[in-house]
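# A look at the structure
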Amino acid sequence: MSETATPEVLWAQRSSVSDASKNFVYLTISVPDVPKEGLQLDLKPSSLTFTGTSATLKRKYHVELEFYAEIDPEESKINHTSKNIEIKLQKKELKEEYWPRLLKDSKKLHFLKTDFDKWVDEDEQNEAPEEDFSQFGGMGGMPGMGGGGDFGGIDFSKLGGGAGMPDLGDLSAGAGEGDDDDSGDDDDDDDMPALEGDVKEGAKKD
């Protein structure tokens, strides 16, 4: 076994004073090919400890994070992929303001970086698209999380890419919005019969 390495950690956040679903930290621990049986994750209200071993690289990863403020472990969610461990940390306190930083200590850490793909400025988050957490599994009811690699009974086979999940009913609305973009304005015409004539006349004039 090689020496223990610190994985890259990416983070972004949202905040809301009234909507808990929009009050979270999005955390990504970059650890390639760490199987379910090769990881331990101990998530507490004020900290996270991760240890995992890559099956292909035979490298052990370890990181400990002490959060700036408390989170709710039971309401947090996780998605395990072949490239990383993605975690949605539910902020415990509803506040309009962003956390000024992820960690309690203001010291800059080389492995901790802003996830610019998911980051939205505080004053623009209301206009930002909703994050899709459909592939994430719940972390509730996990008193023995840190006690081994079983991850509190979470079945990682159901947390993969999301495409194989049996229950996608909650995504029907979101999927429909994407389909509208591909199908043109046909749906809009059907919903607005009074404008059909105007649209067609305009098309003939052009």
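Everything here concerns the structure above.
For clarity, every value in this text was computed on a predicted model and none was experimentally measured. (Residues numbered from 1 in each chain as written. Predicted model: local features only at pLDDT ≥ 70, side-chain atom pairs only at ≥ 80, totals over all residues. Heavy atoms only, no water.)

## What to know about the overall build of the chain
- Across its full length, the chain carries 3 helices and 9 strands.
- Ordered by position from the N terminus, the helices and strands of the chain form the series β-β-β-β-β-β-β-β-β-α-α-α.
- Counting the 206 residues in the chain, one finds 34% classified as buried.
- For the chain, long-range pairs separated by at least 24 residues make up 64% of all intrachain contacts whose partners lie at least 6 apart in sequence.
- With an accessible surface of roughly 12,400 Å², the chain has 47% of that area assigned to carbon and sulfur atoms. (Helix = DSSP H or I, 4+ residues; strand = E, 2+ residues; numbered from the N terminus. Buried < 20%, exposed > 50% of the residue type's maximum accessible area, 1.4 Å probe, protein only. Contact = heavy atoms within 4.5 Å. Areas by Shrake-Rupley, 256 points an atom, 1.4 Å probe, with all protein chains shown as cover.)

## Focus on the pattern of salt bridges
- Tallied over the full model, the rule gives 5 salt bridges.
- The partner of E8 in a salt bridge is K113, with the nearest N and O atoms 3.0 Å apart. Residue E8 is found in strand β1 (residues 8-13), and its partner K113 is found in strand β8 (residues 112-114); the two are separated by 105 residues along the sequence.
- You can call E8 partly exposed: its relative accessible area is 31%.
- Of the charged contacts, one joins K92 and E70 as a salt bridge, the two residues approaching to 3.2 Å between their closest N and O atoms. Of this pair, K92 sits in the loop between β7 (84-91) and β8 while E70 sits in the loop between β5 (60-66) and β6 (71-80); the two residues are 22 residues apart in sequence, bridging distant segments of the chain. (Salt bridge = Lys/Arg side-chain N within 4 Å of Asp/Glu carboxyl O.)

## A short note on the packing of aromatic side chains
- All told, the structure shown has 3 aromatic pairs when counted by the stated rule.
- Ring centres of W11 and W119 lie 5.4 Å apart, and the angle between their planes is 80°; on these two criteria the pair is classed as edge-to-face. Here the residue W11 occupies a position in strand β1, and W119 occupies one in the loop between β8 and β9 (137-138), the gap between them amounting to 108 residues.
- Using a relative accessible area of 26% as the deciding quantity, one classes W119 as partly exposed.
- Between Y68 and W99, the ring centres sit 6.2 Å apart and the planes meet at 50°, which makes this aromatic pair tilted. In this pair, Y68 sits in the loop between β5 and β6 while W99 sits in the loop between β7 and β8, placing the two residues 31 residues apart along the sequence.
- Looking at W99, the relative accessible area reads 9%, which means it is buried.
- Here the aromatic residues W11, Y98 and W119 are joined through ring pairs into a cluster of three or more. (Phe/Tyr/Trp six-rings, centres within 6.5 Å; stacked < 30°, edge-to-face > 60°.)

Shape is all these values report; function is a separate question.
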